[in-house]
Amino acid sequence: NPGKNPSHIHHPHGLSHDFLFGILPRLCGADAVIFPNAGGRFQFTREECLSVANGCRRPMGRFLSILPSPAGGMKLDRVEEMRNEFGDDTLFLIGMMTLIFV
């Protein structure tokens, strides 16, 4: 459960957020990665969340970008704010409803 901030993602002694939640899933063939968003019920910071999105999209040769999917305690009234933060190519998980902007 990434929302519990396991010790292997505490920088500088563990893996960075962009690698663990952005780059590594791409290398494994994922299409999207779900991670706890800042301001929800988990403890990721805004900077950590943006680094995950960067890891999902940064150029990596033949590896295509994947959709970052911030989640965890998100509500519909935050969609515009999150879209401004993460951009159009983002999968938003909000409650039992999935909204995708591409």
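Above this text sits the structure in question.
Now for a look at the structure at hand. (Residues numbered from 1 in each chain as written. Predicted model: local features only at pLDDT ≥ 70, side-chain atom pairs only at ≥ 80, totals over all residues. Heavy atoms only, no water.)

Some thoughts on the pattern of salt bridges
Summed over the entire model, instances satisfying the criterion amount to four salt bridges. Arg 58 is the partner of Asp 18 in a salt bridge, and the nearest nitrogen-oxygen pair spans 2.5 Å. Within this pair, whereas Asp 18 is found in helix 1 (residues 17-27), its partner Arg 58 is found in the loop between helix 2 (46-57) and strand 2 (67-71), the two being separated by 40 residues in sequence. Overall, Asp 18 belongs to the buried group, its relative accessible area being 14%. Classification of Arg 58 as partly exposed rests on a relative accessible area of 28%. Residue Arg 46 is joined to Glu 85 by a salt bridge in which the shortest nitrogen-to-oxygen separation is 3.0 Å. (Salt bridge = Lys/Arg side-chain N within 4 Å of Asp/Glu carboxyl O. Helix = DSSP H or I, 4+ residues; strand = E, 2+ residues; numbered from the N terminus. Buried < 20%, exposed > 50% of the residue type's maximum accessible area, 1.4 Å probe, protein only.)

Here we look at the nonpolar core
Counting residues in each nonpolar core, the largest one holds 17 residues, and the members touching the most others are Phe 21, Val 33, Phe 35 and Phe 86. At the level of secondary structure, the elements contributing two or more residues to this core comprise helix 1, strand 1 (32-36), helix 2, helix 3 (79-86) and strand 3 (90-94). Sort the elements by how many residues they give to this core and helix 2 lands first, with four residues. Residues in contact with Phe 86, not counting those within four places in the same chain, are Phe 35, Asn 37, Cys 49, Leu 50, Ala 53, Arg 57, Pro 70 and Phe 92. (Core = buried A, V, L, I, M, F, W, Y, C linked by side-chain atoms within 4.5 Å. Contact = heavy atoms within 4.5 Å.)

What to know about the side chain of Arg 26
With respect to the helices and strands, the residue Arg 26 is situated in helix 1. Notably, Arg 26 is buried but unbridged: the nearest opposite-charge side chain belongs to Asp 18, and the N-O separation is 9.0 Å. A distance of 3.0 Å separates a polar side-chain atom of Arg 26 from the backbone oxygen of Phe 63. When neighbours within four sequence positions are excluded, Arg 26 is seen to be in contact with Gly 55, Cys 56, Arg 57, Arg 58, Met 60, Phe 63, Leu 64, Ser 65 and Ile 66. (Lys, Arg positive; Asp, Glu negative; His and termini not counted. Polar contact = N/O pair within 3.5 Å; in protein donor to acceptor, adjacent residues only side chain to side chain.)

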